[in-house]
Number of protein chains: 2
Amino acid sequence: MSEKRRITLKDIARELGISVSTASRALNEYPGISEETIKMVQDFAKKHNYVPNSIAVNFRKNKTMTIGMVVPEVVHYYFSSIISGALDAATKKGYRLLISQTEEKAELEMHACHAMLAGNVDGLLISISNETSDVSHIQEFLDEGKPVIQFDKYSDKLKTPKVITDDYQGAHGAVKHLIEQGYKKIAHINGLENVQNSVDRLAGYRQALIDHHLEQHPEWIPHCQQITEEEGYRFAKQLLESKNPPDAIFCITDLVALGAMNYLRESNRKVPEEIGVMGFSNWKISEVMQPSLSTVEQHGYQIGLRATELLIESLQSNDKSLRDQKIEIQSDLMIRNSTLRKG
Amino acid sequence: MSEKRRITLKDIARELGISVSTASRALNEYPGISEETIKMVQDFAKKHNYVPNSIAVNFRKNKTMTIGMVVPEVVHYYFSSIISGALDAATKKGYRLLISQTEEKAELEMHACHAMLAGNVDGLLISISNETSDVSHIQEFLDEGKPVIQFDKYSDKLKTPKVITDDYQGAHGAVKHLIEQGYKKIAHINGLENVQNSVDRLAGYRQALIDHHLEQHPEWIPHCQQITEEEGYRFAKQLLESKNPPDAIFCITDLVALGAMNYLRESNRKVPEEIGVMGFSNWKISEVMQPSLSTVEQHGYQIGLRATELLIESLQSNDKSLRDQKIEIQSDLMIRNSTLRKG
DNA sequence: TTGAAAGCGCTACCAT
DNA sequence: ATGGTAGCGCTTTCAA
């Protein structure tokens, strides 16, 4: 079991007959240390496999080089893409990433944030849960002078930068495409009414209809509570069985579109000929569906990357001019078969 | 900007006219402290929102309550499920989870492990990359007495517990099911020959054929290099166009099965009537494919949970009797339409 | 039941 | 160019 104890600066100093401060300075190549001392110390350190005790360094410097990241769900294509981008940006800059998930529960989010704060992360990346309305647990970071970046789902109560998908434009472009394909009665299965993404996508949808003078009906805009496949199925059924059925459905997310497609297949409606279906997010399932699903790519990786870079910038400078801006990452329309009526 | 400085034990002691040690003991409810002192200190702490400086605590106790987790890819259904389980287990026990991804590159894995070690994680959870053969960067943890648990992809060179899918049984059951459905010429698109999962699944496949006295051909066992959809397509084509084409294909993973299904659809072969297709992993795409794909559920969440619990147990006890065991999480056959010829 | 003080490993200030 | 030393916030041993 002979566990090797790591050697410390003190050991190096003693062995080399120099002082601890000299050893420290040599290792960190401070100015005012002779070349030979630097070489001697660094050689010794390498030879004996010296690894600085980062806890002690953190303690002394009162920072941890650690970023906390709080997301609703890890098992989710979009969020895992964001995490991947954040991981790469953090690693590149020498930061570490601590991750927590909240399962969309306000209480778990509060716990996670408190744990992050108590654990002395240098800054926070967070996408709030659907349940969250009180954001004081996040405000605490700002009160302590620790930068926070919100991404994806955010609260306007917090004066922080926000890195988000261009939901309005994404939705607008998606619906415009449906219109160009000749669909005229376009429904939208929307999300929760108090979540900003849903609000923005709804606004983009509405504007596209207005732009092209198409009819609008409140009944054509059901709201999901859970954003599930089952809701997609149920709302598609409800829409198609109504007195004034739409000829296209724009869904708040690919999973909802999957449910809608399942209903359409079961009820023998032809997609895209009779009904057009559009998703949002570009999950792998959108490629796999039959017919393949047109959707909107959100570039999760870019969002994670950008949010993390922004956080690190603010960690490294004292310029807080970043505060409260919105950075929108451009989405891309992915045209597949579920909306391709022409050519 | 008035950043609130956090209050320290010293502040509490000074304000309350007691010593720092008494304050510490009262907060941690050590024996031999009067009820009233405990109450006084804890009330004061709560009132002034005292949060212990965890860096100092860590420093003092020489542990971080942090677990390092290294995976090949975060954007991957199976791995994100594992992460989710690990996150939940860690959180429950008061540990934090630091995550790194290696992109299946040995060099990035080495960097990630060194960063974890330098960052003083208490223990390591790792699934090695396909490229990894030298494992000295992981051995270093063991040399320092830090527990390591391997999961999913592992190396036998490391004497650590391994939490893995029951690949042999999973593959065996999957092929047995194909045989029971009446398929007689069963091919297997396998993975890398030096990766244990592939080896075990191949062994399960072979044994099932032997059990039922079915023919075996080396040409029926192509090996993927990247485990991609494209390879699935290519190998399915190669198999079906060969002189002795199989009537069923067992694929190393769902993504490969997707590629195979794409080829079969394009070449107008009926699944499951003419050709049976079986995947492995139970990704969301397997449900979505037309026809839906039979596959093997790997219970990633359970693997992450179990691996983390195991690590924490070993962190909290000195009983190292866990060493070098293999814990196999039972997989489950998911029968869908791609193999359902009867009934 | 409480206090005083050492010390974890390192950095940085003040000397020389 | 180098050494001595204080001190970060906390826990823990020893003493009272």
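Quick notes on the rules
- Residues numbered from 1 in each chain as written.
- Chains lettered and ligands numbered in written order.
- Predicted model: local features only at pLDDT ≥ 70, side-chain atom pairs only at ≥ 80, totals over all residues.
- Heavy atoms only, no water.
- Near = heavy atom within 4 Å.
- Polar contact = N/O pair within 3.5 Å; in protein donor to acceptor, adjacent residues only side chain to side chain.
- Helix = DSSP H or I, 4+ residues; strand = E, 2+ residues; numbered from the N terminus.
- Nonpolar A, V, L, I, M, F, W, Y, C, P; charged D, E, K, R; others polar.
- Axes fitted to C-alpha atoms, helices over the stretch in contact; angles between N-to-C directions.
- Left-handed = near helix turned anticlockwise from the far one by under 90°.
- Contact = heavy atoms within 4.5 Å.
- Buried area = accessible area lost by both parts, 1.4 Å probe.
- Salt bridge = Lys/Arg side-chain N within 4 Å of Asp/Glu carboxyl O.
- Buried < 20%, exposed > 50% of the residue type's maximum accessible area, 1.4 Å probe, protein only.

**Q** Explain the protein's contact with DNA strand D to me, please; I cannot follow it from the model alone.
**A** If you check the shell around DNA strand D, you find 28 residues, and the closest are Thr-22 of chain A together with Leu-9, Tyr-30, Tyr-50 and Arg-60 of chain B. Close to the protein, within 4 Å, the atoms of DNA strand D are drawn from sugar and phosphate at a rate of 54%. Backbone polar atom of Ser-19 of chain A to a phosphate oxygen of DNA strand D: 3.0 Å apart, as the coordinates give it. Residue Arg-25 of chain A places a side-chain N or O atom 2.6 Å away from a base nitrogen belonging to DNA strand D. When contributions to the surface near DNA strand D are tallied by element, the ones reaching two or more residues are α2 (20-27) and α4 (54-61) of chain A together with α1 (9-16), α2 (20-27) and α4 (54-61) of chain B. Among the residues making up the surface near DNA strand D, the classes are represented as eleven nonpolar, twelve polar and five charged.

**Q** Just checking my understanding: could you explain the protein's contact with DNA strand C for this structure?
**A** Every one of the 27 residues lining DNA strand C counts as a neighbour, but Leu-9, Tyr-30, Tyr-50 and Arg-60 of chain A together with Thr-22 of chain B are closest to it. Among all atoms of DNA strand C positioned within 4 Å of the protein, those belonging to sugar or phosphate total 55%. Measuring from a phosphate oxygen of DNA strand C, one finds a backbone N or O atom of Ser-19 of chain B at 3.0 Å. Ser-34 of chain B places a main-chain nitrogen or oxygen 3.1 Å from a phosphate oxygen of DNA strand C. Mapped onto the surface near DNA strand C, the elements with two or more residues apiece are α1 (9-16), α2 and α4 of chain A together with α2 and α4 of chain B. In terms of residue class, the surface near DNA strand C is built from eleven nonpolar, eleven polar and five charged.

**Q** Just checking my understanding: could you explain the packing of α4 of chain A against α4 of chain B for this structure?
**A** For any two helices packed against each other, the geometry is given by the interaxial angle and the distance between the axes. Here α4 of chain A crosses α4 of chain B at 145 degrees, and the two axes come no closer than 9 Å. Here the hand of the crossing between α4 of chain A and α4 of chain B comes out left-handed. Counted together, Ile-55, Ala-56, Asn-58 and Phe-59 of chain A of α4 of chain A and Ile-55, Ala-56, Asn-58 and Phe-59 of chain B of α4 of chain B form the full contact between these two elements. Tallied by class, the residues present in the contact of α4 of chain A with α4 of chain B amount to six nonpolar, two polar and no charged.

**Q** Would you take a moment to explain the interface of chain A and chain B for this structure?
**A** Buried accessible area, meaning the area lost when the parts come together, often serves as the stated size of an interface. On the side of chain B, 51 residues touch chain A, which itself brings 51 residues to the contact. Approximately 4300 Å² of surface area, both sides summed, lies buried where chain A meets chain B, with 60% of it carried by carbon and sulfur atoms. Linking chain A to chain B there are four salt bridges. Arg-6 of chain B is the salt-bridge partner of Glu-144 of chain A, the closest N and O atoms lying 2.9 Å from each other. At the junction of chain A and chain B, the tally comes to 18 residue pairs in polar contact (both at pLDDT 80 or more). Taken together, the elements giving at least two residues each to the side of chain A that touches chain B come down to α4, α5 (77-92), β2 (96-101), α6 (106-118), α11 (254-266) and α12 (284-288) of chain A. With seven residues, α5 of chain A is the largest single contributor of residues to the side of chain A that touches chain B. Counted by class, the side of chain A that touches chain B contains 21 nonpolar, 15 polar and 15 charged residues.

**Q** Can you walk me through the side chain of Ser-286 of chain B in this structure?
**A** All names here are of chain B. Along the chain, Ser-286 falls in helix α12 (residues 284-288). Looking at Ser-286, the relative accessible area reads 0%, which means it is buried. A polar contact of 3.1 Å, which involves the side chain of Ser-286, links it to the side chain of Arg-336. Look past the residues within four positions of Ser-286 in its chain and what remains in contact with it is Asp-254, Ser-292, Leu-293, Thr-295 and Arg-336.

**Q** Just checking my understanding: could you explain unusual backbone geometry for this structure?
**A** As a rule of thumb, non-glycine residues mostly have phi less than zero, and peptide bonds are mostly trans rather than cis. With an omega dihedral of 10 degrees, the bond running from Val-271 of chain A to Pro-272 of chain A counts as a cis peptide bond. Following Gln-290 of chain A, the chain continues to Pro-291 of chain A via a peptide bond in cis, the omega torsion being -10 degrees. When you line up the elements, Pro-291 of chain A lands in the loop between α12 and β9 (295-297). If you check the backbone angles, His-213 of chain B has positive phi at about 55 degrees while not being a glycine. Locating His-213 of chain B in the fold gives a position in the loop between α9 (196-211) and α10 (229-240). The exposure class assigned to His-213 of chain B is exposed, which follows from its relative accessible area of 72%. Backbone geometry places His-299 of chain B, a non-glycine residue, at a positive phi of 55 degrees.

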